[in-house]
Each structure stands twice: as structure tokens, then as C-alpha cells.
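Descriptive analysis of the structure
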Amino acid sequence: MSEAIEVYEVEDRTFPPDPAFVAQANTNDRSFYEEADADYEAFWARQARELLTWDTDFHTTLEWDLPFAQWFVGGQLNVTANCLDRHVEAGNGDKIAYLWEGEPGDTRTITYAELLTEVKKFANVLKGLGLQKGDIAAVYMPMILELPIAMLACARIGVAHSVIFGGFSADAIIDRCDDAEAKVIITADGGYRKGAASALKPTVDAALAAGAPSIQNVIVANRCDLNPDMVEGRDHWWHDLMAAASDDCPAEPMDAEQLLYILYTSGTTSKPKGIMHTTGGYLAQTAFTHKFVFDIKPETDIYWCAADIGWVTGHSYIVYAPLTNGVTSVMYEGTPDTPHKGRFWEIIEKYKITQLYTAPTAIRMFMKWGVNEPDKFDLSSLRVIGTVGEPINPEAWMWYHEHIGGGNTPIVDTWWQTETGGHMISPLPGVTETKPGSACHAIPGVFAELVDDDGNVVERGGGYLTIARPWPAMLRGIWGDPDRYHETYWSRYEGRYFAGDGAKLDDDGYLWLLGRVDDVMNVSGHRISTTEVESALVDHSAVAEAAVVGANDELTGQAIIGYVILRGGSEPSKELGDEIRAHVGEKLGKIARPKTVVIVPDLPKTRSGKIMRRLLRDVADGRQLGDTTTLADPSVVAEIAAGAAAGSDED
Ligand code: WTA
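Keep in mind it's a predicted model, so treat the numbers as computed, not measured. Position numbers for residues count from 1 along each chain, tracking the sequence in the order it is written. Local features in a predicted model are, by the rule used here, given only for residues with pLDDT of at least 70; side-chain atom pairs are given and counted only at 80 or more, and totals for whole chains, interfaces and linings are based on all residues. As a rule here, side-chain values come from all non-hydrogen atoms in the structure, and water together with hydrogens is ignored.

1. A short note on the overall build of the protein
Assigned secondary structure in the protein consists of 20 helices and 32 strands. Put simply, the radius of gyration uses C-alpha atoms, and a globule should come to 2.2 Å times the residue count raised to 0.38. The globule rule puts the C-alpha radius of gyration for 651 residues at 26 Å, and the 24 Å found for the protein is close to it. Counting only C-alpha atoms and orienting by the principal axes, one finds that the protein spans roughly 75 × 65 × 55 Å. Here the protein holds 651 residues, and 60% of them are scored as buried. Throughout, a residue-residue contact means that at least one pair of heavy atoms, one from each residue, lies within 4.5 Å. Of all intrachain contacts in the protein linking residues separated by at least 6 positions in sequence, the fraction that spans at least 24 positions is 72%. Approximately 23900 Å² of the protein is accessible, and the part contributed by carbon and sulfur atoms is 47%. His is not counted, nor are the chain ends; Lys and Arg add positive charge and Asp and Glu add negative charge. Positions of charges follow a simple convention, taking NZ of Lys, CZ of Arg, CG of Asp or CD of Glu. With 55 positive and 96 negative side-chain charges, the protein shows a separation of 1 Å between the mean positions of the two kinds. Helix and strand labels come from DSSP, where a helix needs a run of H or I of at least four residues and a strand needs a run of E of at least two; each type is numbered from the N terminus. For the exposure calls, accessible area comes from a 1.4 Å probe over protein chains only, and a residue counts as buried if that area is under 20% of its type's maximum, exposed if over 50%, partly exposed in between. Each accessible area is a Shrake-Rupley estimate made with a 1.4 Å probe; only the visible protein chains count as cover when residues are assessed.

Put into C-alpha cells, the structure is as follows:
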């Protein structure tokens, strides 16, 4: 087993589903698993037909030409017809799609019928600016209703969106717009975060001043009255364009494999990968998992996924799956501690939320803030609570179980990735006996297996997580780079999808996710590439060389530690360390700013010149140093461990 995988202690507490929950659950026996094991294509075909409305039925469930999959071949459907029109046609137009809560406490509700009208109008706006099926629209927005409207409007007319997280920098916008040759960027003046309006439009302006020549038009929604500069002919106010737009825009049937969106994610190189998702398979799997993992009852539930739509969790489980299933969702603009640390629990009480979906980092932060906060509010409406993004430690799981779930609300720890499109490993709340910290089992129709270094299947113990067969919501490729797609995911173990995660199977066959085994860090549930941060560090004029590692961090899972060697002529100092950290924040966005920059005289390298990050991780975690015998100069690590020349820490 690889040294990168640390196997922690066995957890033997178990929590069977509550009989009252089982009795009402959308699925409460093993029939889905049995059906999928017997004939998994037939299983997914049935789900796709039952959960979605097709304009033309598909003739072939799966065409698999490794590593390229096509699901539901010959089928035609429109995503927005599934998310909107069919609910309105069924008489549910007045049902609320989103209960939107602004950070300052202002609110907006939008029904399915109203959302459909907005989507049709904005689709016409995009057409009016010359966008056509097959084009790419970049989206850089805060958590306001215009964001799902923009995404759905793209989907309605076959324009693929590329949502760029609102915390990313101008450089990140340029890279993503250039890679996809996006024609338009949809943004807002700003959004509310941590009690103040935070501007977004100036970042778009900076990006367009420096690059992204493919962008011809900018559409700006007004959220905060920030009065941004508007470039004549290029920039347009959302409200002006919408005022003039027709609401007549029929849903055009799309092929099941029509590109729905691109979403960039960090890999092991410095260039983010544009993960491609298509229409039919993506919608089928996200709708299936949403309905059965969260036990969604659209008639009565008020569901809240507290992620940002800028990440895949928001794409799948704030926008596409909840609307396909016709449930009412809460959408929250801001941060969990504004204006007070009980904000999440206040929202749950206010809307009588039935499902909450959040990240382990958030739960650990809530733990730190104390049980007083949730105790002030009535959380008894919660029926299912979920987590995603990183392994959840058993302590945090138990706290979530006791203090948020009231001791009997099922917890669904869902493992999946930007690449997988939807849940892959998760308990089913009416079926699975859970263990704190384990994501339990692959969902029906997904075949997760662990393998060792040589690719042999591991039945018990540690291994690398692979998926042995294609699945409907799988990525269809990396935008513009089919070779990298094959190499990254399908070449390490021929015929298997390599997830990049280490995992363990315990004696009862439960899966325990153990974190990344590649050079990707997971900070507060966000994927950040060590190489990307290293490139940003050496981009600073004083830095000659850099090595980045993710150190264990109680709150954020991992924290970014950058070790840098200075160029001749630069003197180590705290100020320089601060400046280097800030530089990374500017290049990549705040989430990628190292927590600590350590200025070192040298870096540990093998004789062939490879930086030994493992040793730096040991130093960062304060562990006993691992094997240093392959080092070119073993004294380097001792020197670093003994205390670096200077550095800079997050305040
Ligand atoms: C990690 C987020 C443990 C994992 C949906 C994966 C998890 C990466 C879990 C994908 C979980 C996600 N338990 N680890 N329940 N969920 N991860 O692409 O390392 O932002 O490879 O997708 O997050 O992150 P991404």
C-alpha cells in the first residue's frame, strides 16, 4: 500500500435507520441494489425513463468505447423542460422553486412558473447577443437567483455554461475564458459576504483588460447598487436586456449527449481541467441520487443545499437535481456567521427545512462555535442531513448527529467528485446502517472497488479507489484535451476510473475515504492543486523555487503550506512572506492563499532532482521524519525542521 495512505482506527459504533423513517422512505429495502447488480444498464435505463421526460426515447442505454461513454443514445430531451415546463404543465406552476435568503436578511421567492418565464426571457437575451447551440457562456456570479436563471437559460438553447466560482481571481477568469473560448460573461455588480457588499464586476473588468479576447459581451445583474463602470457596447445591464426580451422560447429537444456544461477543477498540473458534463446521463443520475439519498418528497419537503453554485455540488444539488425532482429549495447568499453564528439554524427554523446538505469543514466550525448556537433554534423539521467534500471525522459526525440531527436523523455522507457529476458512494437513509465517518457503500448502479499498486482488487484493507464500470453522470472528457482525459483517469489501471482518493474497506465491507493520494490538496472541501500554488509562488519576483504541501488542519482538513527559496538579492523577512502569500491570493483567489509561507535555504530533493513533498508534509505536521535516505542532501530537512529563516502566517 502506498505510504500516502494513512489508515486510521476502526470505528465500531453503528446506527441503524429509525423504523419510523424506514416506513416512509422512498426506498427501504435492497431491491435497487439487487436490480442494479443483476443488470445495471437496465437499472439505469429504468431510472432515466421514470425520473425524466424524454422527447424521443433512447434506443441504446450505453455505448462504451473506453474511455468514452455515451448514455441513452438516440434519446432527446431538454434539461429545462425537465426542470421547469413539465412541472408547470402538471399544474405545479405556483409551487415555489427557490426561497432565496440574502445575507442581509432580504428575501425573494420564485415559483416554477416565474422561473420558467425568466429562463425563457434570458435565453432570448443570449440569442439576441448572438449565442447559439454549441457556444460557451462564462458565468461569474454571487449566490443570487440570476445565477440559476442564467445557467438554465443556457441549457434551454444548448449553450454550455462555464461557471467560475465568485471567489476566483482575474487570472483564473482569463484562463477559463481562454480555454473554452467563451463568448459572453454573465456577472453581477457584487454580492453580500460577511456583512458587506463585495464587488465582482471590477474583477471581470481587470480580466478583460488583460486578456480573454473571446468575450464579446458582459451582462451585469444589479445586486448591491455598486454602480460599476460599464463599457459602452460591451457591458449590458441584466434588467435592461430582460425588459426588452420576449418570453416566448420553446424548449428545443437536445441529444442526450449534448454538452450541458464545463466546470474547471484542479488537477495535478498547473492547468485546471475543464470537466465536461452532458445532458441525459447527468440529469438521470443526479435526479436519482437526489431523490433517494435525500429521501425527497417534493410535495412537502423544503430542501437546502448550503454549497455555492460555483462548485459542482451547487450545479448538481442546488440547480439541476432539485428542479428536476420539483422540490422547493432554499438558496442562501451569504456566510454562516453573518450577522450571527446561528444563521444556519435560524434559516432552518424559519423555513422548516427538511434536508440540510453541507461540508465537514462547516460542521467543525459549528462545533467550535458551540452547541449554544443550534440550541437556540428549533431544528426538528430536519429529516435527512448530509455532508460532502472531504472525509468527515467521527467526532464531527457524532456532533452533527446529536446536535443538529437530534440523535435520530439519518446522516448521508456522500462521496463524489466534479468528475462523477453526482453521488457515487453514500448511505441510503432508509436502508443503510451507518458508521460515523464512513460513506458506507457505492450507490446502486455504481461499482466502486479498491485496488493495490499493481491494480489487484483489494477486498479488505487499504487501497486506491476506482470505479469499475462507466456511470451515467460521468465526465465525458476534459475540454479540448482527450489525451489528458484518458491519461488522468483511465490509464493508471486499464479499464478502471482512477478517482485519486485512497480508501479502506473494513471487515463489514464499509468504505472509508482517506483523502487524496495525488498532488491535490483539499482545503475546506475545495480542491487545490499543489502545482498551481507552486506556479503562483514562483511567479513572485523574489521566489526562485517553491514546494507546496497540504498539512493536517483541525478545522479545514488540510492547510496550504508553501516552502520557498528566495532569489539571490532578496532578504528573508516577515513582510516578504506576507507579500508572497498575498501574491498567491491575487493570482489564484483567496482560497488558494497559503496559510503559511516558510522561507527556506534549500528544499529536500531526491538525487534525480524531484522535490520530496512527503518529507515536507512530515515537517509541516510535526511528525517524525520519514525515510530520508534517497535525499541528495539529508541535512536540508533537518535544517528546515529546526526552524526556517523567516516566514509568514495567516493572522
Ligand atoms: C473529496 C466535490 C471523503 C475527495 C463533490 C474527492 C470526499 C474530492 C467526500 C472531490 C466524502 C468529496 N468523503 N472525501 N464524502 N466528498 N471528497 O471535485 O477527495 O470538489 O476526490 O467534488 O473531494 O472534490 P470536488
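From this point, things continue past the structure.
2. Quick word on the site of the ligand
Taken together, 17 residues sit near the ligand, with Asp-413, Thr-414, Thr-418, Asp-501 and Arg-516 positioned nearest. Side-chain polar atom of Gln-417 to an oxygen atom of the ligand: 2.9 Å apart, as the coordinates give it. Residues adjacent in sequence count toward polar contacts only when both atoms are side-chain atoms; beyond that, a polar contact is any pair of N or O atoms within 3.5 Å, and within protein one must be able to donate a hydrogen and the other to accept it. In the model, an oxygen atom of the ligand is placed 2.7 Å from a nitrogen or oxygen of the Asp-501 side chain. Considered on its own, the ligand offers 530 Å² of accessible surface; in the complex 96% of this is hidden by protein. Any residue with at least one heavy atom within 4 Å of a molecule or strand is counted as near it.

3. Quick notes on the pattern of salt bridges
Whenever Lys or Arg places a side-chain nitrogen within 4 Å of a carboxyl oxygen from Asp or Glu, that contact is recorded as a salt bridge. Overall, the coordinates contain 37 salt bridges when judged by the stated rule. The partner of Asp-135 in a salt bridge is Lys-183, with the nearest N and O atoms 3.1 Å apart. In this pair, Asp-135 sits in the loop between α5 (112–128) and β6 (136–140) while Lys-183 sits in the loop between α7 (170–180) and β8 (184–188), placing the two residues 48 residues apart along the sequence. Salt-bridge contacts for Asp-235 lead to Lys-201; the nearest nitrogen and oxygen are separated by 2.7 Å. Linking Asp-235 in strand β12 (residues 235–237) with Lys-201 in helix α8 (residues 201–210), this pair joins segments that are 34 residues apart in sequence. Counted as one network, the salt bridges with shared partners bring together Glu-101, Arg-343, Glu-346 and Lys-350.

4. Looking at the confidence of the model for the protein
Known as pLDDT, the predictor's per-residue confidence is scaled from 0 to 100. Chain-level statistics for the protein give a pLDDT mean of 94 and a share of 96% at 70 or above. Segment residues 1–8: pLDDT under 50, and 21 contacts once partners within four positions in sequence are set aside and those in other chains are kept.

5. Structural notes on the nonpolar core
Nine residue types can take part in a nonpolar core, namely buried Ala, Val, Leu, Ile, Met, Phe, Trp, Tyr and Cys, and a core is a set of them joined through side-chain atoms within 4.5 Å. Counting residues in each nonpolar core, the largest one holds 121 residues, and the members touching the most others are Tyr-98, Leu-115, Phe-122, Ile-186, Trp-238 and Tyr-320. Ranked by residue count, the leading element in this core is helix α6 (residues 146–157), at nine residues. Discounting residues that sit within four places of it in the chain, Tyr-98 has contacts with Arg-108, Thr-109, Ile-110, Leu-115, Leu-145, Pro-148, Ile-318, Val-319, Leu-323, Ser-329 and Met-331. Membership of the second largest hydrophobic core comes to 29 residues, among which are Ala-138, Ile-174, Ala-212 and Tyr-264.

6. Focus: the pairing of strand β9 (residues 190–193)
For two strands to pair, DSSP has to find at least two bridges joining them. Across four bridges, β9 lies against strand β10 (residues 196–199) in antiparallel orientation. Residue pairing across strands places Gly-191 opposite Ser-198, the latter belonging to β10. Between β9 and the antiparallel strand that follows it, β10, lie two residues; Lys-194 among them carries a positive phi value of about 55°.

7. So, α7
Those residues of α7 not exposed but buried are Ala-170, Ala-172, Ile-173, Ile-174, Arg-176, Cys-177 and Ala-180. Buried residues along α7 sit against β6, β8, α8, β14 (259–265) and α18 (574–588). Glu-181 lies just past α7 and shows a positive phi near 50°.

8. Describing the environment of Thr-80
Looking at the element boundaries, Thr-80 is found in helix α4 (residues 79–92). With a relative accessible area of 0%, Thr-80 lands in the buried category. Sequence-wise, Thr-80 and Ile-157 are 77 residues apart; in three dimensions their C-alpha atoms are separated by 9.3 Å. Beyond its immediate stretch of four places on either side in the chain, Thr-80 contacts Asp-85, Val-119, Leu-152, Ala-155, Arg-156 and Ala-251.

9. Brief notes about the sheet that holds β12
Pairing is mixed in the open sheet, where eight strands are placed in the order β12-β11-β8-β6-β7-β14-β15-β24. Of all strands in the sheet, those bounded by a partner on one side alone are β12 and β24 (477–478). Bridge count for β8 against strand β11 (residues 217–221) is five bridges, and the pairing is parallel. What sits directly across from Thr-187, in β11, is Val-220.

10. Some points on the sheet that holds strand β16 (residues 302–305)
Pairing in this open sheet of seven strands is mixed, and the strands run β5-β4-β17-β16-β18-β19-β20 from one edge to the other. Looking at the sheet topology across the chains shown, the edges are occupied by β5 (107–111) and β20 (411–414). Each strand axis lies, on average, 20° off the axis of its neighbour in the sheet, ignoring direction. Looking at chain direction, strand β4 (residues 96–101) and β5 are connected through five bridges and run antiparallel. When the bridges of β5 are listed, Leu-99 appears paired with Thr-109. Axes, fitted as lines to C-alpha atoms, cover a helix only where it is in contact. Angles between the N-to-C directions of the axes lie from 0 to 180 degrees.

11. Quick look at the environment of Cys-177
Its place among the elements puts Cys-177 in helix α7. Under the relative-accessibility criterion, Cys-177 is labelled buried at 1%. Excluding its chain neighbours within four sequence positions, the residues that come into contact with Cys-177 are Ala-138, Ile-164, Ala-182, Ile-185, Ala-212, Ser-214 and Ile-215.

12. Looking at unusual backbone geometry
Between Leu-66 and Pro-67 the backbone carries a cis peptide bond, its omega angle lying at 5°. Among the structural elements, Pro-67 can be located in the loop between β1 (60–65) and β2 (68–73). Along the chain, Thr-338 connects to Pro-339 via a cis peptide bond; the corresponding omega equals 0°. Here Pro-339 lies in the loop between β17 (328–332) and α12 (343–351). The backbone of Lys-194 sits at a positive phi, close to 55°, despite the residue not being glycine.

13. Comments concerning the packing of aromatic side chains
Here a Phe, Tyr or Trp ring, Trp counted by its six-membered ring, pairs with any other such ring whose centre lies within 6.5 Å, and the pair is stacked when the planes are under 30 degrees apart, edge-to-face when over 60, and tilted otherwise. The full count for this structure, using the stated rule, is 42 aromatic pairs. Summarising the aromatic geometry, the rings of Phe-43 and Trp-44 are spaced 5.1 Å apart at their centres and angled 65° between planes, so their arrangement reads as edge-to-face. Note on accessibility: Phe-43 and Trp-44 belong to one class, buried. Through pairs of rings, three or more aromatic residues link up here, namely Trp-64, Phe-68, Trp-471, Tyr-485, Tyr-489, Trp-490 and Tyr-497. Here, over-ring charges are defined by two tests on the NZ atom of lysine or the CZ atom of arginine: distance to the ring centre within 6 Å, and angle to the ring normal within 35 degrees. The residue whose ring lies beneath Arg-469 is Phe-447, and the NZ or CZ to ring-centre distance is 3.9 Å.

14. Comments concerning the pairing of strand β26 (residues 511–516)
In terms of residue burial, β26 counts as a mostly covered element, since six of its six residues are buried. Where strand β25 (residues 497–505) meets β26, five bridges bridge the pair, whose relative direction is antiparallel. Note on β26: the bridge partner recorded for Gly-502 is Gly-515. In sequence, β25 turns back onto β26 through a hairpin of five residues, with Gly-509 there showing a positive phi of about 80°.

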